[in-house]
Amino acid sequence: MVPTMGYLHEGHLELIRRAAAENDEVAVSIFVNPLQFGPGEDYQTYPRDLERDAELAEAAGADWIFHPAPEVMYPPGFATTIHVGGPLTERWEGERRPGHFDGVATVVTKLFNLIRPDRAYFGEKDFQQLQVVRRFTADLNLGVEIVPVPIVREPDGLARSSRNVYLTAGERPKATVLYRALLAIREAAASGASPAEALAAGEKVLDGVPEFVPDYLAIVDPDTLEPISKWIPGARAIVAGRFPTVRLIDNMEVWDR
Ligand code: AMP
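Residues numbered from 1 in each chain as written. Predicted model: local features only at pLDDT ≥ 70, side-chain atom pairs only at ≥ 80, totals over all residues. Heavy atoms only, no water.

### Focus: the pairing of strand β8 (residues 246-253)
At step 1: Burial analysis of β8 places 6 of its 8 residues in the buried class, the great majority of the element.
At step 2: Two elements, strand β7 (residues 236-243) and β8, share 8 bridges in a ladder whose sense is antiparallel. Looking at the pairing, Arg 242 lines up with Arg 247 of β8.
At step 3: Linkage of β7 to β8, two consecutive antiparallel strands, is achieved through a turn of 2 residues. (Buried < 20%, exposed > 50% of the residue type's maximum accessible area, 1.4 Å probe, protein only. Helix = DSSP H or I, 4+ residues; strand = E, 2+ residues; numbered from the N terminus. Pairing = 2+ DSSP bridges.)

Shown next as structure tokens:
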């Protein structure tokens, strides 16, 4: 299965194609999950287009679409959530979006129980989410193989996202700043910089676009998401922040495995 919130783009379609190539049948869920949005976030305005999504998903190889109504997933009296504890959920997105990962863990567990997939495909675009999903899937013996899929980008490097439609024409070219900061870190690492020096190179790139207000830029252990002071195989740079109209996240492996 491929869990999504819909408004499908090339990133989602790559997950569906991978799933179709590697499995007999593919179910795609399209559900804007209220539980993973905080107060003041964009649950109401999150873009939706079921008809177009269904066509795109089918063309990419989906056999089933699961599109439940919120009241079907969370009927009156619903009272159980999955809380993923520990350092993995305390930092980064977990800190900026309290309750977000509990919402993700709860809906993904429900989707796994409803669909009973052998494998589930998740994008590296949401890298911390991928690691959180791996954590509770293992912790709760859900018996689903989690398959990671690399980030799909626009030609100029912007990571594809349903939220990119919120970017104004003026912001759109500047939105490459996340990708450019990550590239600067990877290039600095390749030319002998320490993680601290590479991070400074990335911060300099972010400073060049004052409309973008960073929430964090860090170089972390890919498994624990703890910041690192020495290079380790698979080290990841992660970044998130806000333009006036939209919050964006991105990440990149900056030290080879
Ligand atoms: P969403 O609809 O935003 O919840 O995303 C559904 C799935 O698609 C998640 O596993 C995301 O990580 C994945 N995804 C979203 N954007 C991309 C992208 N640009 N490249 C790869 N995977 C993506």
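### A look at the side chain of Gln 36
At step 1: Locating Gln 36 in the fold gives a position in the loop between β2 (27-30) and α2 (50-60).
At step 2: We classify Gln 36 as buried; its relative accessible area is 10%.
At step 3: Side chain to side chain, Gln 36 and Asn 33 meet in a polar contact 3.0 Å long.
At step 4: With near-sequence residues (within four places) excluded, Gln 36 lies in contact with Met 5, Glu 41, Arg 97, His 100, Gly 103, Val 104 and Val 107. (Polar contact = N/O pair within 3.5 Å; in protein donor to acceptor, adjacent residues only side chain to side chain. Contact = heavy atoms within 4.5 Å.)

### Some remarks on the pattern of salt bridges
At step 1: A full pass over the atoms with the stated rule returns 18 salt bridges.
At step 2: Notably, a salt bridge pairs Asp 139 with Arg 135, separated by 2.8 Å at the nearest N-O pair. With Asp 139 and Arg 135 both in helix α7 (residues 127-139) and 4 residues apart, this pair spans about one turn of that helix.
At step 3: Accessibility expressed as a relative area gives 44% for Asp 139, which makes it partly exposed. (Salt bridge = Lys/Arg side-chain N within 4 Å of Asp/Glu carboxyl O.)

### Points about the packing of aromatic side chains
At step 1: Throughout the structure, instances matching the rule amount to 7 aromatic pairs.
At step 2: Here Phe 37 and Tyr 43 contribute two aromatic rings whose centre-to-centre distance is 5.5 Å and whose plane-to-plane angle is 65 degrees, an arrangement assigned as edge-to-face.
At step 3: Of the residues examined, Phe 37 reaches a relative accessible area of 11% and is grouped as buried.
At step 4: Relative to Tyr 46, the ring of Phe 37 lies with its centre 5.9 Å away and its plane at 75 degrees, an arrangement referred to as edge-to-face. There is no split in this pair, since Phe 37 and Tyr 46 are both buried.
At step 5: Members of the aromatic cluster, joined through ring pairs, are Phe 31, Tyr 74 and Phe 78.
At step 6: Geometry around Tyr 43 places Arg 48 over its ring, the cationic atom sitting 5.1 Å from the centre.
At step 7: Between the NZ or CZ atom of Arg 52 and the centre of the ring of Tyr 7, over which it lies, the distance is 5.9 Å. (Phe/Tyr/Trp six-rings, centres within 6.5 Å; stacked < 30°, edge-to-face > 60°. Lys NZ or Arg CZ within 6 Å of the ring centre and 35° of its normal.)

### Things to note about the nonpolar core
In a soluble, globular protein the nonpolar side chains are often hidden away together inside.
At step 1: In terms of nonpolar packing, the biggest core is built from 31 residues, with Phe 112, Phe 122 and Ile 146 touching the most fellow members.
At step 2: Taken together, the elements giving at least two residues each to this core come down to α6 (100-115), β4 (119-123), α7, β6 (213-220) and β7.
At step 3: With residues up to four places along the chain from it excluded, the contact list for Ile 146 reads Phe 112, Ala 120, Phe 122, Leu 130, Val 133, Arg 134 and Thr 137.
At step 4: Core analysis: the next-biggest nonpolar cluster, separate from the first, contains 28 residues, Ala 198, Leu 206, Leu 217 and Val 246 among them. (Core = buried A, V, L, I, M, F, W, Y, C linked by side-chain atoms within 4.5 Å.)

### Details of the side chain of Thr 89
At step 1: Mapped onto the secondary structure, Thr 89 falls in helix α4 (residues 87-90).
At step 2: Residue Thr 89 is classed as buried on the basis of its relative accessible area of 12%.
At step 3: The contact partners of Thr 89, leaving out residues within four places of it in the chain, are Val 84, Gly 94, Glu 95, Phe 101, Gln 128 and Val 132.

### Brief notes about α6
At step 1: Along its 16 residues, α6 runs 22 Å from first to last C-alpha, staying within 8% of the 22 Å computed at 1.5 Å per residue.
At step 2: Listing the buried residues of α6 in full gives His 100, Phe 101, Gly 103, Val 104, Ala 105, Thr 106, Val 107, Val 108, Thr 109, Leu 111 and Phe 112.
At step 3: Where α6 terminates, the next one or two residues include Arg 116, which has phi positive at roughly 55 degrees. (Expected span 1.5 Å × (residues − 1).)

### Focus: the packing of α6 against α7
At step 1: Two numbers describe how α6 lies on α7: the axes approach to 10 Å, and their chain directions differ by 55 degrees. Taken as axis vectors, α6 and α7 run oblique relative to one another. The interaxial crossing formed by α6 with α7 has right-handed handedness. Contact residues: α6 offers Phe 101, Val 104, Ala 105, Val 108, Thr 109 and Phe 112, while α7 offers Gln 128, Gln 129, Val 132, Val 133, Phe 136 and Thr 137.
At step 2: Looking at the contact of α6 with α7, its residues break down into 8 nonpolar, 4 polar and no charged. (Axes fitted to C-alpha atoms, helices over the stretch in contact; angles between N-to-C directions. Parallel < 35°, antiparallel > 145°, perpendicular 65-115°, else oblique. Left-handed = near helix turned anticlockwise from the far one by under 90°. Nonpolar A, V, L, I, M, F, W, Y, C, P; charged D, E, K, R; others polar.)

The values reported here are purely geometric and, on their own, carry no functional implication.
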